[in-house]
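Each chain, written out:
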Amino acid sequence: MSRNQQLFDRAQLTIPGGVNSPVRAFKSVGGTPRFIDRADGPYMWDADGKQYIDYIQSWGPMILGHGDKDVIEAVQKAATRGFSFGAPTEGEIELAELICELIPSIEQVRLVSSGTEATMSAIRLARGFTGRSLLVKFEGCYHGHSDSLLVKAGSGLLTFGQTSSAGVPEDIAKHTLVLPFNDIEALETVFAEKGNEIAAVIIEPFAGNMNLIAPGQAYHQRLRELCTNAGSVLIFDEVMTGFRVGLTGVQGRYGITPDLTTLGKVIGGGMPVGAFGGRKDIMAHIAPLGGVYQAGTLSGNPLAVTAGLVTLNKIRQPGFYDTLTARAARLAAGFQAEAVKAGVPCTAQSMGSMFGVYFTPTIPQNFAEVTKSDIARFNAFFHAMLDEGVYLAPSAYEAGFVSIVHDDAIIDETIAAAGRAFSKV
Ligand SMILES: *Cc1c(COP(=O)(O)O)cnc(C)c1O
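The protein chain is annotated in an unreviewed UniProt entry as Glutamate-1-semialdehyde 2,1-aminomutase of Leeia speluncae. The record in UniProt for the protein chain states the following under Catalytic activity (unreviewed entry): "(S)-4-amino-5-oxopentanoate = 5-aminolevulinate". Listed under Sequence similarities (unreviewed entry) in UniProt, the entry text for the protein chain is "Belongs to the class-III pyridoxal-phosphate-dependent aminotransferase family. HemL subfamily."

S.K.: Just to check I follow, could you spell out the nonpolar core for this structure?
M.R.: Nonpolar side chains in soluble globular proteins generally cluster together in the buried interior. Formed by 71 residues in total, the largest nonpolar core has its most connected members in Tyr-55, Ile-99, Phe-243 and Phe-335. Not counting residues up to four positions away in its chain, the partners in contact with Phe-243 are Ile-63, Leu-102, Ile-103, Leu-263, Val-266, Ile-267, Leu-312, Ile-315 and Tyr-321. Among the nonpolar cores identified, the runner-up in size contains 37 residues, and Leu-134, Phe-138, Met-210 and Leu-234 belong to it.

S.K.: Please explain the sheet that holds strand β5 (residues 134–138) as it appears in this structure.
M.R.: Whenever strands of a sheet pair, they do so through backbone hydrogen bonds, lying parallel or antiparallel. Overall, mixed pairing links the seven strands, which are arranged β4-β12-β11-β10-β9-β5-β8 in an open sheet. With partners counted over all chains shown, the strands left at the sheet margins are β4 (108–112) and β8 (176–179), one partner each. Ignoring strand direction, the axes of neighbouring strands in this sheet form an average angle of 20°. Looking at chain direction, β5 and β8 are connected through four bridges and run parallel. By the bridge assignment for β8, Phe-138 is matched with Leu-179. Of the strands in this sheet, β4, β11 (260–263) and β12 (274–278) touch helix α3 (residues 90–102), which is tilted by about 125° from β4.

S.K.: For this particular structure, what's the right way to read the site of the ligand?
M.R.: The full set of residues close to the ligand is Ser-114, Gly-115, Thr-116, Tyr-142, His-143, Gly-144, Glu-204, Asn-209, Asp-237, Val-239, Met-240 and Lys-265. Residue Thr-116 places a side-chain N or O atom 2.6 Å away from an oxygen atom belonging to the ligand. Residue Asp-237 places a side-chain N or O atom 2.7 Å away from a nitrogen atom belonging to the ligand. Relative to its free-state accessible area of 380 Å², the ligand is covered by the protein chains to the extent of 82%.

S.K.: I would appreciate a short explanation of the pattern of salt bridges in the present structure.
M.R.: Side-chain pairing between opposite charges can occur once the charged atoms of the two side chains come close. For the structure on display, the rule yields 16 salt bridges. Here Arg-327 ties to Asp-408 by a salt bridge, and the two come within 3.4 Å at their closest N and O atoms. With Arg-327 in helix α11 (residues 320–342) and Asp-408 in helix α14 (residues 408–424), this pair connects stretches of sequence that are 81 residues apart. Overall, the relative accessible area of 14% leaves Arg-327 in the buried class. Through salt bridges that share partners, Arg-224, Asp-259, Arg-279 and Asp-281 make up one connected network.

S.K.: For this particular structure, what's the right way to read the sheet that holds strand β14 (residues 354–358)?
M.R.: Ordered in space as β13-β14-β16, the three strands form an open sheet in which the pairing is antiparallel. The open sheet has two edge strands with one neighbour each: β13 (347–351) and β16 (400–401). Sheet analysis places β13 next to β14, joined by five bridges and oriented antiparallel. Within the sheet, the bridge partner assigned to Ser-350 lies in β14 and is Phe-355. Here α11 sits on the sheet and contacts β13 and β14; the angle it forms with β13, its principal contact strand, is near 175°.

S.K.: How should I be thinking about the UniProt feature "modified residue: N6-(pyridoxal phosphate)lysine" (unreviewed entry) in the protein chain in this particular structure?
M.R.: According to UniProt, the positions carrying the feature "modified residue: N6-(pyridoxal phosphate)lysine" (unreviewed entry) are Lys-265. As for its position among the elements, Lys-265 is in the loop between β11 and β12. In this view, Lys-265 contacts Trp-59, Pro-61, Val-239, Met-240, Gly-270 and Val-273; residues no more than four positions away in its chain are not counted.

S.K.: Before we go on, may I ask you to explain the packing of helix α6 (residues 184–194) against helix α7 (residues 217–230) in this structure?
M.R.: For the pair α6 and α7, the least separation of the axes is 10 Å and the interaxial angle reads 5°. Relative to α7, the element α6 lies roughly parallel. Between α6 and α7, the residues in contact are Ile-184, Leu-187, Glu-188 and Phe-191 and Ala-218, Tyr-219, Arg-222, Leu-223, Leu-226, Cys-227 and Ala-230, respectively.

S.K.: Where do I start with unusual backbone geometry in this structure?
M.R.: Trans peptide bonds make up the majority, and among non-glycine residues the majority have a negative phi. That bond from Ala-287 to Pro-288 is cis: its omega, 10°, falls within 30 degrees of zero. By the secondary structure assignment, Pro-288 is in the loop between α9 (280–283) and α10 (302–315). Positive phi is not limited to glycine here, since Asn-182 has a value of about 65°. Within the fold, Asn-182 resides in the loop between β8 and α6. Relative accessible area serves as the criterion here: at 23%, Asn-182 is assigned to the partly exposed category.

S.K.: For this particular structure, what's the right way to read the side chain of Glu-204?
M.R.: Here Glu-204 shows up in the loop between β9 (198–203) and α7. Lys-265 is the oppositely charged side chain nearest to the buried, salt-bridge-free Glu-204, at an N-O distance of 7.2 Å. At 2.9 Å, the side chain of Glu-204 and the backbone nitrogen of Tyr-142 are in polar contact. Those residues in contact with Glu-204 that lie beyond four places of it in its chain are Gly-140, Cys-141, Tyr-142, His-143, Phe-181, Asn-209 and Asp-237.

S.K.: Quick question: what am I supposed to make of α6 here?
M.R.: Because the α-helix completes a turn every 3.6 residues, residues three or four places apart line up on one side. Among the residues of α6, those classed as buried are Ala-186, Leu-187, Val-190, Phe-191 and Lys-194. With its buried residues spanning 125° around the axis, α6 presents them on a single face. Exposed positions of α6 whose direction lies more than 90 degrees from the buried face are Glu-185, Ala-192 and Glu-193. Taken together, the buried residues of α6 touch β5, β8, β9 and α7. Measuring from the side-chain oxygen of the N-cap residue of α6 to the backbone nitrogen of Glu-185 gives 3.1 Å; that N-cap residue is Asp-183.

S.K.: Got a minute to help me understand the packing of aromatic side chains in this structure?
M.R.: The geometry of an aromatic ring pair is captured by the separation of the ring centres together with the interplanar angle, meaning the angle of the planes. Overall, the coordinates contain 16 aromatic pairs when judged by the stated rule. The interplanar angle of 75° and the centroid separation of 5.3 Å between the aromatic rings of Phe-320 and Tyr-321 together place this pair among those described as edge-to-face. In this structure, Phe-320 and Tyr-321 share a single accessibility class: buried. Ring geometry for Phe-359 and Phe-378: centres 5.9 Å apart, planes at 80°, overall edge-to-face. Of this pair, Phe-359 sits in the loop between β14 and α12 (367–370) while Phe-378 sits in helix α13 (residues 375–387), and the two are 19 residues apart along the sequence. Residue classification places Phe-378 among the buried positions, given a relative accessible area of 6%. Clustering of aromatic rings is evident, with ring pairs tying together Phe-26, Tyr-55, Phe-335, Phe-355, Phe-359, Phe-378, Phe-381, Phe-382 and Phe-422. The lysine or arginine in question, Arg-38, covers the ring of Trp-45, its NZ or CZ lying 4.0 Å from the ring centre.

Basis of the calculations
Every chain is numbered independently, its residues counted from 1 as its sequence is written. The model is predicted, so local features are restricted to residues of pLDDT at least 70 and side-chain atom pairs to those at 80 or more, both for listing and for counting; the totals for chains, interfaces and linings are taken over all residues. The side-chain figures draw on all heavy atoms in the structure; neither hydrogens nor water molecules are used. UniProt positions are given in the numbering used here, feature names are shortened, and annotations may be inferred rather than shown by experiment. Buried residues of nine kinds, namely Ala, Val, Leu, Ile, Met, Phe, Trp, Tyr and Cys, make up a nonpolar core once their side-chain atoms join them within 4.5 Å. For every residue, the accessible area obtained with a 1.4 Å probe (protein chains only) is divided by the maximum for its type, and the residue is called buried under 20%, exposed over 50%, and partly exposed between those limits. Any two residues whose heavy atoms approach within 4.5 Å at even a single point are treated as in contact. At least two DSSP bridges between two strands are required for those strands to pair. By the criteria applied, helices consist of DSSP H or I runs no shorter than four residues and strands consist of E runs no shorter than two, each listed in order from the N terminus. Here, axes are lines fitted to C-alpha atoms. For helices the fit covers the stretch in contact, and angles between N-to-C directions go from 0 to 180 degrees. Here a residue is considered near a molecule or strand provided that any single heavy atom belonging to it is located within 4 Å of it. The term polar contact refers here to a pair of N or O atoms within 3.5 Å; inside protein, the definition further demands a hydrogen-donor-capable atom paired with an acceptor-capable atom, and it admits residues adjacent in sequence only when both atoms are side-chain atoms. Under the convention used here, a 1.4 Å probe and the Shrake-Rupley method define accessible areas, while residue burial counts only the protein chains that appear. Criterion for a salt bridge: a side-chain nitrogen of Lys or Arg within 4 Å of a carboxyl oxygen of Asp or Glu. Oblique is the label for any angle not covered by the other classes, which are roughly parallel (under 35 degrees), roughly antiparallel (over 145) and roughly perpendicular (65 to 115). For the purpose of counting charges, residues Lys and Arg are taken to be positive, whereas Asp and Glu are taken to be negative. His and the chain ends are not included. What the arc describes is the spread of directions from the helix axis to the C-beta atoms. By convention, a stacked pair of Phe, Tyr or Trp rings (six-membered ring in the case of Trp) has centres within 6.5 Å and planes under 30 degrees apart, an edge-to-face pair has planes over 60 apart, and any other such pair is tilted. Only Lys NZ and Arg CZ are tested; either one counts as a charge over a ring when it is within 6 Å of the ring centre and within 35 degrees of the ring normal.

See the structure below:
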């Protein structure tokens, strides 16, 4: 039996499903999850010693690749000065200043320890600030696992959402409306009917949790206008896209100013950091200044903040994103060309350092379109790629990521592997 299988069997005795986050269990693709032993640069090695080129990147954070020497050195140094104090540190100011400098819509920011905490807190803040309850989210967008967000669409545009997880009371779901993503008409209808009840709209400006779906600028401009007119707080959830589609997120790319932004993933450089921030007048409602309570024992943890600071200081260097973006574009074009060669109806695109590979005839524009993916074919492709030593996300509904150490040779090696894998599916 493989060591991966042995570990998986053992894990299931003490950990529900053998994993600490569900997608790791390979449930949708089948087979045995790979237990990772170590990683370096663009590579990871599993418990059986097999090497993979890593395109999950810990679901986004590892933008410098694994084991960046500067990050390791800084974290080691920070560790010798203490792991956590429950009192403020200078590093937290530096990270806050850097985030505010890089993302101009963020005038003030609060650090937390995960993306889930960031979105949950931003929503509470928006509700406290507006004195309203209603939250609008979109089909296929993921914002972490807090109660108000584990809600799926009701039977009609204006009917309240239904819980998408056991354990979430209907009374909570009824404060969330779920709209189709990338649909201007649906936005206009809901704002016309309920605008003055809407506390906040939360959106992944490019969705990265239903594969990669990128609305155009016009959609976001209209959303901004509707929120402004209704006095609703616009929350851009850039936990994934922040520092991934570019140094200034989707908001910078499109010139949209959200009221609040949530961040995570890259800002911790692989350690647990999340953040929410935005307009100073809104942030003034957070405790200890205002009446919206929010706190965290390990918030702004000095080791995590150090990893984030060094990461952000490296990715802001001139030319970083030009290189990174070109690599992802090369990869997506390669996937697309190999699919055509093999006669597999599969498309691909990239946005900054994120990419999507879709087992659909055209690039999907919303949740309904992406869920028409040929899942059986994706799963076969996923396993063929694993055999080739390429680690893609174990789901047809996840985006992929490249890091700065995925050089052209590694990208071309991946494309060649994809060619062989496509010919088998
Ligand atoms: C990953 C993610 C989250 C949740 O972050 P966690 O750190 O996993 O809690 C929230 N929003 C988006 C857009 C994400 O991609």
